[in-house]
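An overview of the molecular structure
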Amino acid sequence: MDPGDAAGDPAAGARRCTGQDPLLLLQTLQTLWSTRERQQLREEAWRGFAALDDPLAGLLDMLESSRGRRGEGPSLEAWVSHQLQCWLQAQPRPDPAQHSPRLEQLQARAVKVLTESPPSLAAPLASIFQLQDADRSCLLEHVHRLYHEGRFREAVMLGTTLKLQPELDVEKMSVPLLLQDKVALVERYVAGFPDLQRRLLALMDSWCQPGFDIKDVARQYPQVASLSLEKLSPKVLSRQVLRLQEQFGMVPALCPHAATQQRLAALRHLCHKRFVEKSLSQENWADHVQGLVGHSPWLQEQLSQLLTSLSDPGTAARCALNLLLPEDQLPATVAAELGRLRLQGRAADADSRPDVKDMKDQHYQLPIPRENVYLLASREDLARHEGALLQPQQVVGVDLEWTPVFVAGGRPRPSLLQVAMEGRVFLFDILALTHPPAGQGAQAFSQLVAQLFSDPSITKLGYGMAGDLQKLGTSCPALAHVEKQVLGGMDLLLVHRQMRVAGMPTPGVDGASGLRGLSLLVQQVLGTTLDKTQQLSNWDRRPLCEEQLIYAAADAYCLLEVHQALCREPARFHLSGDLAGSQRPRHRERPGTQELPGLREALASPRQVPVAVAEATIPRVPARTFRVVCDNMLQGLARSLRCLGVDAHVLGSNEDHRKAAEVARLEGRIILTSGQPYHSLRAQVGAGRCLLVDGSLKAQQQAKAVLRHFNVHVTHEDIFSRCQACNSDQYLKVSRDMMKQLMWLSGHQEGPWTSGNKATHSQERQEPGPAPEEAPGGSTHDRPCRWLQAADLCAEMPDMLANGTRLQLARVPAGVLRTPGLRHFYCCTRCGKVFWDGSHLGRVATHFRDVLESAPGPCERSPAPSPASSSF
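Residues numbered from 1 in each chain as written. Predicted model: local features only at pLDDT ≥ 70, side-chain atom pairs only at ≥ 80, totals over all residues. Heavy atoms only, no water.

1. Thoughts on the pattern of salt bridges
In total, this model carries 34 salt bridges according to the counting rule given. Residue Arg 151 pairs with Glu 149 through a salt bridge whose shortest N-O separation is 2.9 Å. Notably, a salt bridge pairs Glu 662 with Lys 659, separated by 3.7 Å at the nearest N-O pair. Taken together, the positions of Glu 662 and Lys 659, both in helix H31 (residues 658-667) and three residues apart, correspond to about one turn of that helix. The class of Glu 662 is partly exposed, set by a relative accessible area of 34%. Connected via shared salt-bridge partners are Arg 627, Asp 647, Glu 667, Arg 669, Arg 722 and Asp 729. (Salt bridge = Lys/Arg side-chain N within 4 Å of Asp/Glu carboxyl O. Helix = DSSP H or I, 4+ residues; strand = E, 2+ residues; numbered from the N terminus. Buried < 20%, exposed > 50% of the residue type's maximum accessible area, 1.4 Å probe, protein only.)

2. Description of the packing of helix H30 (residues 635-643) against helix H33 (residues 699-709)
Contact pair H30 / H33: the axes reach a minimum separation of 8 Å and the direction vectors enclose 65°. The handedness of the crossing between H30 and H33 is right-handed. Contacts from Gly 636, Leu 637, Ser 640 and Leu 641 of H30 reach H33 at Ala 699, Gln 700, Gln 702, Ala 703, Val 706 and Leu 707. The residue inventory of the contact of H30 with H33, partitioned by class, reads six nonpolar, four polar and no charged. (Axes fitted to C-alpha atoms, helices over the stretch in contact; angles between N-to-C directions. Left-handed = near helix turned anticlockwise from the far one by under 90°. Contact = heavy atoms within 4.5 Å. Nonpolar A, V, L, I, M, F, W, Y, C, P; charged D, E, K, R; others polar.)

3. Section: the pairing of strand E4 (residues 424-429)
Burial analysis of E4 places five of its six residues in the buried class, the great majority of the element. One ladder, built from four bridges, connects strand E1 (residues 373-376) with E4; its direction is parallel. Directly across from Tyr 374, in E4, lies its bridge partner Phe 426. In the sheet, strand E3 (residues 414-421) pairs with E4 via six bridges, with the strands oriented antiparallel. When the bridges of E4 are listed, Val 419 appears paired with Phe 426. What sits between the antiparallel neighbours E3 and E4 is a turn of two residues, in which Gly 423 has the positive phi angle 85°. (Pairing = 2+ DSSP bridges.)

4. Some remarks on the nonpolar core
Nonpolar side chains tend toward joint burial in soluble globular proteins. In this structure, Phe 129 and Leu 131 are the most contacted members of the largest nonpolar core, which totals 82 residues. Per-element tally for this core: the top contributor is helix H5 (residues 76-90), with seven residues. Other than its neighbours up to four places away in sequence, Phe 129 contacts Leu 56, Leu 59, Leu 60, Leu 103, Leu 106, Gln 107 and Ala 110. Tyr 364, Val 495, Leu 521 and Trp 539 belong to the second-largest nonpolar core, a separate cluster that totals 38 residues. (Core = buried A, V, L, I, M, F, W, Y, C linked by side-chain atoms within 4.5 Å.)

5. Looking at the sheet that holds strand E10 (residues 670-673)
Taken in spatial order, the four strands of this open sheet run E9-E8-E10-E11, and their pairing is parallel. A single partner strand is all that each edge strand has here, and the edge strands are strand E9 (647-650) and strand E11 (690-692). The average angle at which neighbouring strand axes cross in this sheet is 25°, direction not considered. As judged from the four bridges shared by strand E8 (residues 627-630) and E9, these two strands associate in the parallel manner. Looking across to E9, one finds that Val 628 is bridged to Ala 648. Here H30 sits on the sheet in contact with E8, E9 and E10, set at roughly 160° to E9.

6. Some words on the confidence of the model for the chain
Here the chain averages 79 in pLDDT, while 80% of its residues score no lower than 70. In the predicted structure, residues 578-617 sits below a pLDDT of 50 and forms 85 contacts with residues beyond four places in sequence or in another chain. (pLDDT = per-residue confidence, 0-100.)

7. A look at helix H18 (residues 313-323)
Most of H18 sits inside the fold, with nine of its 11 residues counted as buried. Considered for burial, the residues of H18 that qualify are Gly 314, Thr 315, Ala 316, Ala 317, Arg 318, Cys 319, Ala 320, Leu 321 and Leu 323. Of the surrounding secondary structure, the elements contacted by the buried residues of H18 are helix H15 (256-276), helix H16 (282-293), helix H17 (297-310) and helix H19 (332-344). Capping the start of H18, Asp 312 holds a side-chain oxygen 3.0 Å from the backbone nitrogen of Gly 314, two or three residues further along. In the stretch just after H18, Leu 324 is the one whose phi turns positive, near 60°. (Polar contact = N/O pair within 3.5 Å; in protein donor to acceptor, adjacent residues only side chain to side chain.)

8. Here's the deal with the sheet that holds strand E2 (residues 395-402)
The strands that make up a sheet pair up through hydrogen bonds in the backbone, lying either parallel or antiparallel. Pairing is mixed across the open sheet formed by six strands, whose spatial order is E1-E4-E3-E2-E5-E6. Since the sheet does not close on itself, it has two edges, and those belong to E1 and strand E6 (489-491), each with one partner. Taking the axes of each pair of neighbouring strands and ignoring which way they run, one obtains an average angle of 25° across the sheet. By the bridge criterion, three bridges tie E2 to strand E5 (residues 459-462) in an arrangement that is parallel.

9. A closer look at unusual backbone geometry
Note: most residues except glycine have negative phi, and most peptide bonds are trans. That bond from His 435 to Pro 436 is cis: its omega, 0°, falls within 30 degrees of zero. Here Pro 436 lies in the loop between helix H22 (430-433) and helix H23 (440-454). Omega for the peptide link from Arg 542 to Pro 543 comes to 0°, which places this bond in the cis form. Structurally, Pro 543 can be placed in the loop between helix H27 (517-526) and helix H28 (546-568). Of note in the backbone geometry, Asp 181 takes a positive phi value of approximately 60° without being a glycine. In this structure, Asp 181 sits in the loop between helix H10 (170-179) and helix H11 (183-190). Of note, the phi angle at Leu 324 is positive, near 60°, even though the residue is not glycine. The topology assignment puts Leu 324 in the loop between H18 and H19.

10. A look at the environment of Leu 267
Along the polypeptide, Leu 267 turns up in helix H15. Since its relative accessible area comes to 0%, Leu 267 is described here as buried. Sequence separation between Leu 267 and Gln 302 is 35 residues, and the spatial gap between their C-alpha atoms is 8.7 Å. If we skip the residues at most four places from it in the chain, Leu 267 touches Val 289, Leu 292, Val 293, Leu 299, Leu 303 and Leu 306.

11. Overview of the packing of aromatic side chains
The tally for this structure, following the rule as stated, stands at 11 aromatic pairs. Taking 5.9 Å as the distance between ring centres and 55° as the angle between the ring planes, the aromatic pair formed by Phe 428 and Phe 445 counts as tilted. Linking Phe 428 in strand E4 with Phe 445 in helix H23, this pair joins segments that are 17 residues apart in sequence. You can call Phe 445 buried: its relative accessible area is 0%. Between Arg 42 and the ring centre of Trp 46, over which it is positioned, the NZ or CZ distance is 3.6 Å. Against the face of Tyr 147 rests Lys 172, its NZ or CZ located 4.9 Å from the ring centre. (Phe/Tyr/Trp six-rings, centres within 6.5 Å; stacked < 30°, edge-to-face > 60°. Lys NZ or Arg CZ within 6 Å of the ring centre and 35° of its normal.)

Here it is in structure tokens:
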């Protein structure tokens, strides 16, 4: 940066008579800037600021002299401006009086400098010269100029910094950013302005109305690059709108179209459960559907189309007759069948599936008499059975039922708590017992439940017990933290996961069935499945029907039989250890959930049990050559696979499943799916090229199952060789000093020093921040990639790469820059995510130790070629 010629400036001559010339200070700083001596540079700058007669005017002199001479790379002007801002904050001198002639002159000069400077100068200049109070006409003109030049992000950021939002058109400013999926930036833009928030919600909700095509909006903004229209589909956008509506505290009536789209999604889910999975009774399906459709003509039309596509004309006609759907919206075949039913005077059957009763015999049957199922709805009922419920040394099964909620803002309210013991089941009517909330029944219920779950001599079995108890705490304030006070608890969900980690073949992996959750566990252990037709029924309706009572009792009692089977034959289910001992609860254990004995050992030595696919029959595949395409329900699996070096493509949220087959054929990828399209996809790509993944597993367990299935060879060198966020394998290495500089210039760091003396430096080193972290064996990563150079950065925006990628500097904690021994960072060239050496490598190696090959010993250096920790 050329300090310019001050010879012809009389004001500069006057300054030299009384104080340091700011242009000479600029020349000194320029020399130190080129040497990268940041400590000396900062000390010289602060001394120079103190020697200036008027530091504010001096800064403007320096910025005005450098206009038009800025080169590429990080800007000295922005650094000087930020340092002066820090220096002024540390000085006890008063700011110029508002609306004083001197301040107005300085503001006029600052506004002119701002309009000719990169965005990195906006924040420090606004703070130093109080530009929020300056003449707004020039600032608004500059924002409009940026907007018309297609620099939409800069325009919004500058408007936010200068608090110009009330004088700008929120729809006009927001639309280009929404088209690029920059919702977070728009949220910051309207933060603190309720009227703007309402207008933004109204805009986004209008995009959710039936028949709206977002492409019509996109065509009005040809200068918008990198469109993300798949994130603006009605399904995805309605979720965003309803999230913002709740976040802004606005009334639901402000977002009618988003609510309608949400109801349509619920209709599709219910129709799939009823007509495809056949796991929902006609009565329960109709009950939910009537509440969702209401009197909306559009939803009635959508429901008619769903009925036609998923069922035969007779079934569709019976449903239309029951739900009073308009006949003119039905296809001719369905309308004809409906007319025939009316002529015959026949109402729709209560259950249009004639084989429902026959199918019930194929499901798990409650093995106790109906008279041994007790409904407890009063304080007297609790007192009568308290002794049996709290009997020591027994094993009980626990479950919870609630009515599903399909609309925004709704919270599921627990309705029934089931406790099963040998020969009996007790059903607690939560709605009756907790009304009124402060009544004697509510107190007796809370006390009994708390005593049951805190007694270590009673083994409590559940499946996802912690989640059930959290829901229970939301409706009973006295039980708000009961999940943290459980003693003697055993969650069979954890046992189920151990069975699959150990390698037991499951229908969820080999594609033989769509079962999942507790129904899958019952099928694997007891050889039958649970009848789930009442799962989505209306549990708030009183009285509960007989089918609901039997279903609730069976759901809890099956836990006892599963537990007994596991204890009798642990080896049959690939679980080592004396499982029978799990029925004798430990009396001295910490609150929480108890594991079955032997499961931890089974995890530690997984190679002692058979795997689902014999490795000898499948050739070994290196991780970096293994390529997959995941459906949009398996994003967590994709990240886990990328973490291990696998090239994992993920479908967008609005992409049809058929896209997976197209990508698989064109790019030679394996399809991974967890949904219903498995069979059609497998038919399109051939045997062995499509795998149905168990959606009830966690992502890391899914990854292990996939790697074992295809015999993928993973080494420590593969860990973090790809970016988990975007799948790129291209990184740039950034020095620690360069990272500090980029963060200062981008406004993500206050500055490298808080004062120039040694005491302050010592204090800074003691400030809270991440502790020094290393990879296993004391090693760190040193990826063989090239260093970030000035030419790689955008001249106007120091946090943007020349290819247009924005570095995600805001995700880097300030304390990381103070970590002793941290030498460099890595940035992904595609998405801008920043990584650094840390403990994440050790955690990943531990999680995947049973699939890693050639793991280094405790004293060996790991040659892994990628960052060890990321900015999460």
